[in-house]
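A look at the structure
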Amino acid sequence: MSIQEEALAPNFLKNLIESNLKDNLNKDKRWSGKPGPASVQADAPFDKAKIRTRFPPEPNGYLHIGHAKSIIINFGLAEEYDGECHLRFDDTNPEKEDTEYVEAIKDAVQWLGYDWIEDGRSNLYYASDYFEYFYEFAVALIKNGDAYIDEQTPDEMRRTRGTLTEPGLDSPWRNRPIEESLDLFERMKNGEFEDGTYALRAKVDMASPNINMRDPVIYRIKHAHHHRTGDKWCIYPMYTFAHPIEDALECITHSFCTLEFEDQRPFYEWLLEKLASLGKFLRPLPKQTEFSRLNVQHVVTSKRKLLNLVESGIVDGWDDPRMPTIAGLRRRGYTPNSIHLFIKRLGVSKSDSFIDYKLLEQALRDDLDPIAPRAVAVLDPIKLVITNVEDDFQEHCHAPINPHNPEAGKREFLLTKELWIERDDFMEEPPKKYFRLFVGNKVRLKYGYIVECTGFKKDADGRVYEVYVELIPNTKSGTPGSDSVKVKGNITWVSTKYAIPAQINLYDRLFTEASPDSGTKDYMDYINPNSLKVVNGWLEPGVEILPGNRWQFERLGYFVADPSSTPEKGIINRSVTLKDSWVG
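The structure presented is a predicted model; accordingly, all values stated were derived computationally and were not measured. (Residues numbered from 1 in each chain as written. Predicted model: local features only at pLDDT ≥ 70, side-chain atom pairs only at ≥ 80, totals over all residues. Heavy atoms only, no water.)

Next up on the list: the sheet that holds strand 8 (residues 217-221). Here we have 4 strands laid out as an open sheet, ordered 6-7-8-9, and antiparallel in their pairing. The open sheet has two edge strands, strand 6 (147-150) and strand 9 (235-237), and neither has a second partner. Direction aside, neighbouring strands of the sheet carry axes that sit 20° apart on average. Where strand 8 meets strand 9, 3 bridges bridge the pair, whose relative direction is antiparallel. Note on strand 9: the bridge partner recorded for R220 is Y236. Contacts between helix 7 (residues 178-189) and the sheet are confined to strand 6, strand 7 (199-202), strand 8 and strand 9, with strand 6 contributing the most and set at about 65° to the helix. (Pairing = 2+ DSSP bridges. Helix = DSSP H or I, 4+ residues; strand = E, 2+ residues; numbered from the N terminus. Axes fitted to C-alpha atoms, helices over the stretch in contact; angles between N-to-C directions. Contact = heavy atoms within 4.5 Å.)

Moving on to the nonpolar core. Ranked by internal contacts, the top residues of the largest apolar core, which has 45 residues, are F134, F185, L200, Y219, F241, I245 and F281. Those elements that provide at least two residues to this core are helix 5 (131-143), strand 6, helix 7, strand 7, strand 8, strand 9, helix 8 (239-249) and helix 9 (265-277). Among the elements that make up this core, the one with the highest residue count is helix 5 (8 residues). Both domain 1 (13-129 + 239-296) and domain 2 (132-237) contribute no fewer than three residues apiece to this core. (Core = buried A, V, L, I, M, F, W, Y, C linked by side-chain atoms within 4.5 Å. Buried < 20%, exposed > 50% of the residue type's maximum accessible area, 1.4 Å probe, protein only. Domains from an automatic or database assignment.)

Across the sheet, 7 strands lie side by side as 23-20-21-22-16-19-24; this open sheet has mixed pairing. Lying at the two open borders of the sheet, with one neighbouring strand each, are strand 23 (489-491) and strand 24 (494-495). Summarising the sheet, strand 20 (residues 442-445) and strand 23 pair through 3 bridges and their orientation is parallel. Pairing of L445 across the sheet is with I491, part of strand 23.

Counted under the stated rule, the structure contains 4 cavities of 30 Å³ or more. Around the largest cavity, the lining is made up of 16 residues, and of these R30, A248, C251, L282 and P284 lie nearest the centre. Here the residues of the lining of the largest cavity are counted per class, giving 10 nonpolar, 2 polar and 4 charged. The space that makes up the second largest cavity amounts to roughly 90 Å³. Considering the residues around the second largest cavity, the lining is formed by I65, V296, H298, V299, R322, M323, P324, L329, Y357, L360, R509 and L510. Grouping the constituent residues of the lining of the second largest cavity by class yields 9 nonpolar, 1 polar and 2 charged. (1 Å grid on protein atoms, 1.4 Å probe; cavity = no way out; pocket = protein on both sides within 12 Å on 5 of 7 lines; lining within 4 Å. Points joined across faces, edges and corners; volume = space filled by probe spheres on them. Nonpolar A, V, L, I, M, F, W, Y, C, P; charged D, E, K, R; others polar.)

Right, let's get into the UniProt feature "domain: Glutamyl/glutaminyl-tRNA synthetase class Ib catalytic" (unreviewed entry) in the chain. Here the UniProt-annotated "domain: Glutamyl/glutaminyl-tRNA synthetase class Ib catalytic" (unreviewed entry) positions come out as residues 50-369. Along residues 50-369, the helical share is 38% and the strand share 15%, with 38 Å between the first and last C-alpha atoms. (UniProt positions renumbered as here; feature names shortened; annotations may be inferred.)

Below, the discussion takes up the side chain of D91. Note on placement: D91 falls in the loop between strand 2 (84-89) and helix 4 (99-111). Among buried Asp, Glu, Lys and Arg side chains, D91 stands out as unpaired, with R228 the closest opposite charge at 4.5 Å. At 3.2 Å, the side chain of D91 forms a polar contact with the side chain of H227. Setting aside residues no more than four positions away along its own chain, D91 makes contact with P59, E97, Y126, A127, S128, F131, H226, H227 and R228. (Lys, Arg positive; Asp, Glu negative; His and termini not counted. Salt bridge = Lys/Arg side-chain N within 4 Å of Asp/Glu carboxyl O. Polar contact = N/O pair within 3.5 Å; in protein donor to acceptor, adjacent residues only side chain to side chain.)

As a further point, take the domain arrangement of the chain. Domain boundaries in the chain define domain 1 (13-129 + 239-296), domain 2 (132-237), domain 3 (303-367 + 503-577) and domain 4 (375-497). Taking only C-alpha atoms into account, the centre of domain 1 sits 25 Å from that of domain 2. Each partner contributes residues to the interface: domain 1 has 34 residues there, and domain 2 has 29 residues. Buried surface at the junction of domain 1 and domain 2, both sides included, amounts to about 2600 Å², of which 68% is carbon and sulfur. (Buried area = accessible area lost by both parts, 1.4 Å probe.)

So, on to the state of the cysteines. What the rule picks out here adds up to 0 disulfides. C251 carries a free sulfur, and the closest cysteine sulfur to it, the one in C85, is 15 Å from it. Under the relative-accessibility criterion, C251 is labelled buried at 10%. Free cysteine C453: the closest other cysteine sulfur is in C397, separated by 20 Å. By relative accessible area, which is 2% here, C453 ends up buried. (Disulfide = S-S within 2.5 Å.)

Note on strand geometry: in a regular strand, side chains alternate between the two faces of the sheet. Along strand 25 (residues 500-507), 6 of the 8 residues are buried, which leaves the element largely enclosed by surrounding structure. By the bridge criterion, 8 bridges tie strand 25 to strand 26 (residues 532-539) in an arrangement that is antiparallel. Bridge pairing in strand 26 places N505 opposite V534.

Spelled out as structure tokens, the structure:
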């Protein structure tokens, strides 16, 4: 069974969509081809898209593996059910957002195989596109008695909010006259007040058992430069106010989000019902459904913490191959298909859990094994000298480019008198069941001859630097005599004369602890000091070290040429070992 055909984990969101389609819940949904309220959509044709989803990142950092799950869910389900998925930037927090992050997010979505084009039109949107609508709808809520201007300090609001067991206390400004709130809100917009002096709150229920319904703040004063609107606005909507409105303006049918937003769903529904009753939105309204977020062991995904790793120099940028960012995974050598496979194997549920990092690595192995060309690399070289051949000895050897695909052909290379082998393929005093090189033992030089170890030489520090063998004639692989001598060991090698030098970055997990930031832990205390080891290795001739090229180096794992690699200096990153070797 192929990777694509294997049984994948259940996805309850698919069941939801199929039920909604069967019941024709969105048959009256209209779409004018652009976002807008009822006045824009009322005369529009019925929406050709059976469902509309959205992926709504905040552009305050690079996307990580958890976002990949949301991307694949939202774009993937829209694709599967003849729908459309919008890419929307929730840029309502100007102090942390930047166009660099916008471009990085667009690149990550496209790398995973998706776009946002519908009938030649772009479904790329920004919350900042809707600032006028947010303001208009806030005014409508004030006029309807559903919002008021509060002048309590943030600390006072927190103190009067109540607890999980005690109701909150009404603000002394909760019954402020409507005209007074309207006047203050306009003056807030005009920049008359300092940050924190006033806030607009929804008037819901200060005794609600759901703290999020206790008159949440929906607008605050923030004199900050916005990456798209500049200094036009000095008041900004809160996410919990903006997000449902964005969904409704874009005629989203299924608003999928992670479980931490479950407690916000009652306000999401309250707000949209209020605005629909005021004629701002047509029905049917968007519906929010929550699923479990993706928690992977041995990583942190908080953008704040990831930014700290970058700024403190622990890693070399957002795309460092040790980072859980999509850019980092891509540079590490992960493929879009491996990420899709990982996410689909996990399924979609409402149960939060931590996923073993091994499952991510195995998805990459399973994706690359059938397609990656093979090659030999020596990462910790020691010289092997064949003593019973001439100095100019050269023997043609060949091996499959990929053993799973005979049609790919063969690669060819030369066996010469002097070779590079891995240092751990020789031992001066071998333990039991060590079948590689030691004096008196025979091994096969893979794809070549059987050789017998006859000696070695040490430097002044007692370190072995040269190993000597004798070649046993008529034992070459693929010839009638290849089985004439039985050996248990088989080692890889490259010719010292023809080997290609390369810098090879051996990446491992960034944290030694499975849950480095859980509870009261400080994730910085669990940085793995061995997360990067740089070696100068030798590669089989014929290997082209071009950025993005990838291989399985036999016995070692999967590797990819770094984007910084040049013809003058080849730089290669280890993506994953052939099998899990982590001891944490």
